[in-house]
Amino acid sequence: MGFIATIKSVFGGTEGSSQGYRVCIVDAEKFADPRDGRVGPPERFRAIQQLARFREREQLEIIAIVGGRPLREVADGETYNGVRVYYVEENKTIADQIEKALASAGARKSLVITNDRQLEARMRERGVATMRITTFKRGVESSEASAAEEGSPKMDRDRERRPRRSIRAERPPEEQAAAPTAPAAPEDRKAEPASNPTESTAKAPPAKPQDTIDGLIDRVS
């Protein structure tokens, strides 16, 4: 809710207070991303979808003013996922339709989002708050990025759990090294060469008395 807090701070309201609650009336024609320099039905519908996702995240009321003929996905005056959509009437302009929507929404609780400087000037004279489309789009994109970041830790934890489950299924090399070895089979013991008592005696002659502690004591005595 970072961007909604910014919007409410413009009016001096606080989040959760009825005084700070605002309706955003958006020039969706300018909000849409043009294709080859023009805005057609697909671009208009994508703009409405993006506004609907933003409205759901920020719990904000949005009225979208759309140019061109009504889309088959949403008729004039209907809502699409919470966004109220109005199309520009014949022989009217986007600014005219925004002012008509403003009359029904209430000037005191509305925020007009437009790039029309003449409309901005008229809104200021009436005490209506305005915001530029570029500023609003940055806020929408920031909201989308925050939502993506909040979802990524869960995905990371899920990715971490899968390898750990496979590792627990295997026996660690340290435990394998520490595990006691089974005694050799009788056949293996028979295969080992028997020790030669003679060789052992030759290699390790019996210690002389003087080489032992007792022998040293006797020599000192």
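This is a predicted model, so every value here is computed, not measured.

**Here we look at the overall build of the chain**
Scanning the chain for helices and strands turns up 10 helices and six strands. Counting every position in the chain, which comprises 221 residues, the buried fraction comes to 31%. When contacts within the chain are restricted to residue pairs at least 6 apart in sequence, those whose partners lie at least 24 apart make up 52%. Just so you have it, the chain exposes about 14,900 Å², and 49% of that area is on carbon and sulfur atoms.

**So, the sheet that holds strand E5 (residues 110-113)**
Taken in spatial order, the six strands line up as E3-E4-E2-E1-E5-E6 in an open sheet, and their pairing is mixed. Only two strands of the sheet have a single neighbouring strand rather than two, namely strand E3 (79-80) and strand E6 (129-131). Here three bridges tie E5 to E6, and the two strands are oriented parallel to one another. Considered in E6, the bridge of Val-112 is made with Thr-130.

**Comments concerning helix H5 (residues 117-125)**
Note: α-helices contain 3.6 residues per turn, so residues at a spacing of three or four share the same orientation. Here H5 has its buried residues at Leu-119, Glu-120 and Met-123. An end-on view of H5 places all buried positions within 100° of arc, on one side of the element. When the buried face of H5 is taken as reference, the exposed residues oriented beyond 90 degrees from it are Arg-117, Gln-118, Arg-124 and Glu-125. Buried-residue contacts for H5 involve helix H4 (94-105), E5 and E6. Between a side-chain oxygen at the N-terminus of H5 and the backbone nitrogen of Gln-118 the separation is 3.0 Å; the capping residue is Asp-116. Backbone geometry just downstream of H5 places Gly-127 in the positive-phi region, at approximately 80°.

**Let's talk about the pattern of salt bridges**
Applying the stated rule across the entire model yields nine salt bridges. Note that Glu-29 and Arg-44 form a salt bridge whose closest N and O atoms lie 2.8 Å from each other. On the criterion of sequence distance, the pair formed by Glu-29 in helix H2 (residues 28-31) and Arg-44 in helix H3 (residues 41-58) is long-range, its members being 15 residues apart. Residue classification places Arg-44 among the buried residues on the basis of a relative accessible area of 11%. The salt bridge partner of Arg-126 is Glu-99, with a shortest N-O separation of 3.1 Å. You can see Arg-126 sitting in the loop between H5 and E6 and its partner Glu-99 sitting in helix H4, a full 27 residues away along the chain. Taken together, the shared-partner salt bridges connect Arg-35, Glu-43 and Arg-46 into one network.

**Thoughts on the pairing of strand E2 (residues 61-66)**
For E2, the buried fraction is high: five of the six residues fall into the buried class. Relative to E2, strand E1 (residues 23-27) runs parallel, the two sharing five bridges. Looking across to E2, one finds that Val-26 is bridged to Ala-64. As judged from the five bridges shared by E2 and strand E4 (residues 83-87), these two strands associate in the parallel manner. By the bridge assignment, Ile-65 is partnered in E4 with Tyr-86.

**So, the nonpolar core**
Val-26, Leu-51, Ile-113 and Phe-136 are the most contacted members of the largest nonpolar core, which has 29 residues in total. Elements that contribute at least two residues to this core include exactly E1, H2, H3, E2, E4, E5, E6 and helix H6 (133-169). Looking at this core, the element that brings in the most residues is H3, giving six residues. Grouped together as the second largest cluster of nonpolar side chains are 15 residues, Ile-65, Ala-95, Leu-102 and Leu-119 included.

The rules behind these values
Residues numbered from 1 in each chain as written. Predicted model: local features only at pLDDT ≥ 70, side-chain atom pairs only at ≥ 80, totals over all residues. Heavy atoms only, no water. Helix = DSSP H or I, 4+ residues; strand = E, 2+ residues; numbered from the N terminus. Buried < 20%, exposed > 50% of the residue type's maximum accessible area, 1.4 Å probe, protein only. Contact = heavy atoms within 4.5 Å. Areas by Shrake-Rupley, 256 points an atom, 1.4 Å probe, with all protein chains shown as cover. Pairing = 2+ DSSP bridges. Arc of directions from axis to C-beta. Polar contact = N/O pair within 3.5 Å; in protein donor to acceptor, adjacent residues only side chain to side chain. Salt bridge = Lys/Arg side-chain N within 4 Å of Asp/Glu carboxyl O. Core = buried A, V, L, I, M, F, W, Y, C linked by side-chain atoms within 4.5 Å.

By themselves, these figures tell us nothing about what the structure is for.
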